[in-house]
Amino acid sequence: MALQYKFPENFWWGSATSATQIEGAANEDGKGKNIWDHWYETEPNRFYENIGPETTSDFYHRYKEDIQLMKDIGHNTFRMSISWARLIPDGRGELNPAAVSFYNNVIDELITNDIEPFVTLFHFDMPLELQNQGGWEIRAVVDAYTEYAREAFRLFGDRVKKWFTFNEPIVPVEGGYLYDFHYPNVVDARRAAQVAYHTMIAHAKAVRAFHESNVADGKIGIILNLTPSYPRSQNPADLRASRIADLFFNRSFLDPAVLGEYPQELIDILNEHGLLPVTERGDRELLKANTADILGVNYYQPRRVKAKEYLPNPYSPFMPDWFFDNYEMPGRKMNKYRGWEIYEKGIYDIMQNLKENYGNIESFVSENGMGVQDEERFVVDKEIQDDYRIDFIREHLKWLHKAIEEGCNVKGYHLWSFMDNWSWMNAYKNRYGFFSVDLRTKQRTPKKSAHWIKEVSQNNGF
Ligand code: BG6
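Residues numbered from 1 in each chain as written. Predicted model: local features only at pLDDT ≥ 70, side-chain atom pairs only at ≥ 80, totals over all residues.

- Looking at an unreviewed UniProt entry, one finds the protein named 6-phospho-beta-glucosidase GmuD and attributed to Lentibacillus populi.

What follows is the structure in structure tokens.
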């Protein structure tokens, strides 16, 4: 069959998930509590339909069945995360033997089925014990994380060759310390800056530990949610607004992770507002020497911005959006089932930016996907007819293909997500999977997109 969009050989086809969102068994087999277990126990009504993280999609008990389904639909890779509090219940110290066997079993099962595991160490789920001591605000937690990373490399590094220190490290900063959608629900830009900084120090220390370990014949990187920032117009005020949004929401993590240093303009802004974090001697060299080998890009939607219409009240707490307003561009295409913009070319712009300004670092799409509310309304003959998702993926893949043809170093595509899963405060509101999950029976059913991706993966194109 002649394919119009043929991908390079050994392209990574798969999907992405995270421990807290799929495993369930939150109170089983010695797992310690993390911030999500705790927040749900204290404020269940902040979660969509009061659904919490105890059971989620029950991957913990059904991983074998799930891995067969991955194989059935042509996955050659799968992104998962380790739950820190499952592996080390208090965050530091004693290992939980049941967790060691669980992750060993999952990894072995994947490899036996020719699916390469991509493992993230931290996907939003701080052990509660460490959060109680100050979480990412304190340097001791950076050290606890480095020890955890070292243990994970020692336990699983003989078989896992793709490691990621953090998933979207900006999200716990925004959610936990600026905009109140993650525990500990603080609103304080100075503390947010400290948390962001410590996360990157933790990243660099884990990268160093990985390269020092004797199982380091693999690669280590980070997963960032990149939102290309498009100005309303080319006038200088709009351009400045978009540049500053880019500094805060992309370059604050992308630059230190890939180039090993923070953008000077960001440092200047933080300095001007008294927000510079506390640092230690040697940090600068640490960051410079331990950059990512590989970058995962999560892309859902762009950011469109315009110059601020009203000056911010200088007595209100500092927020990055003091410098820009969001711009609702007329005529933009929307995912009307989730409320996010769909702009497929964004993925191409991101990859071009990585090629031009970030040394063409080896990268892949580590998440991209379309959330849909009340997806059962699309069931015909017991199967969700998610043609909208097929279009969404196909159109993004076309732009990705073009980027690759133009020399961008892109190695794969992972959909968010393998199956419907528990998405933090939104719980099961927006469904993303190739497989739907019946919340009562936990039964998995392929959606139309599952059959489609099988063909695409098997043909390595479409
Ligand atoms: C991504 C996160 O940004 O968005 C996932 O990495 C999350 O963890 C996904 O589940 C979807 O979010 P939502 O709010 O649409 O369910």
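1. Details of the sheet that holds strand β1 (residues 12–16)
Whenever strands of a sheet pair, they do so through backbone hydrogen bonds, lying parallel or antiparallel.
Okay, step 1: Overall, parallel pairing links the eight strands, which are arranged β1-β2-β3-β4-β5-β7-β12-β16 in a closed barrel. Between one strand axis and the next, the sheet turns through 25° on average, direction left out of account.
Okay, step 2: Pairing of strand β3 (residues 116–120) with strand β4 (residues 162–167), which is carried by three bridges, proceeds in the parallel orientation. Among the inter-strand pairings, Phe118 is bridged to a residue of β4, identified as Lys162. (Pairing = 2+ DSSP bridges. Helix = DSSP H or I, 4+ residues; strand = E, 2+ residues; numbered from the N terminus. Axes fitted to C-alpha atoms, helices over the stretch in contact; angles between N-to-C directions.)

2. A few points about the site of the ligand
Okay, step 1: Ser18, Gln21, Asn167, Glu168, Asn225, Asn298, Glu367, Gly371, Trp416, Ser423, Asn426 and Asn430 make up every residue found near the ligand.
Okay, step 2: Class assignment for the residues of the shell around the ligand results in one nonpolar, nine polar and two charged. (Near = placed C-beta within 6 Å. Nonpolar A, V, L, I, M, F, W, Y, C, P; charged D, E, K, R; others polar.)

3. Let's talk about the packing of helix α14 (residues 387–405) against helix α15 (residues 448–459)
Okay, step 1: Look at α14 against α15: their axes get within 8 Å of each other, and the N-to-C directions meet at 35°. For α14 against α15, the interelement crossing comes out right-handed. Residues Asp387, Arg389, Ile390 and Ile393 of α14 form the contact with α15, whose participating residues are Lys448, Ser449 and Trp452.
Okay, step 2: Partitioned by chemical class, the residues of the contact of α14 with α15 number three nonpolar, one polar and three charged. (Left-handed = near helix turned anticlockwise from the far one by under 90°. Contact = placed C-beta atoms within 7 Å.)

4. Comments concerning the environment of Ala140
Okay, step 1: Following the sequence through the fold, Ala140 ends up in helix α7 (residues 139–156).
Okay, step 2: Ala140 gets classed as exposed once you count the C-beta atoms within 10 Å, which come to 11. (Buried ≥ 20, exposed ≤ 12 C-beta atoms within 10 Å, placed from the backbone.)

5. Overview of the pairing of strand β16 (residues 410–415)
Okay, step 1: Within β16, five of the six residues are buried, which leaves the element mostly enclosed by the surrounding structure.
Okay, step 2: Here four bridges tie β1 to β16, and the two strands are oriented parallel to one another. Across the sheet, the residue bridging to Trp12 is Gly412, located in β16.
Okay, step 3: In terms of strand pairing, strand β12 (residues 362–367) meets β16 through two bridges, oriented parallel. When the bridges of β16 are listed, Val365 appears paired with Tyr413.

6. Quick look at α15
Okay, step 1: Its twelve residues give α15 an end-to-end C-alpha distance of 17 Å, which sits within 8% of 16 Å, the value for a rise of 1.5 Å per residue.
Okay, step 2: Looking at α15, one finds that the buried residues are Ser449, Ala450, Ile453, Val456 and Ser457. Each buried residue of α15 lies within a common arc of 125° when the element is viewed along its axis, so the set occupies one face.
Okay, step 3: Looking at the packing, one finds that the buried side of α15 touches β1, α14, β18 (435–437) and β19 (444–446).
Okay, step 4: Positioned one or two residues after α15, Asn460 has a phi angle of 55°, which is positive. (Expected span 1.5 Å × (residues − 1). Arc of directions from axis to C-beta.)

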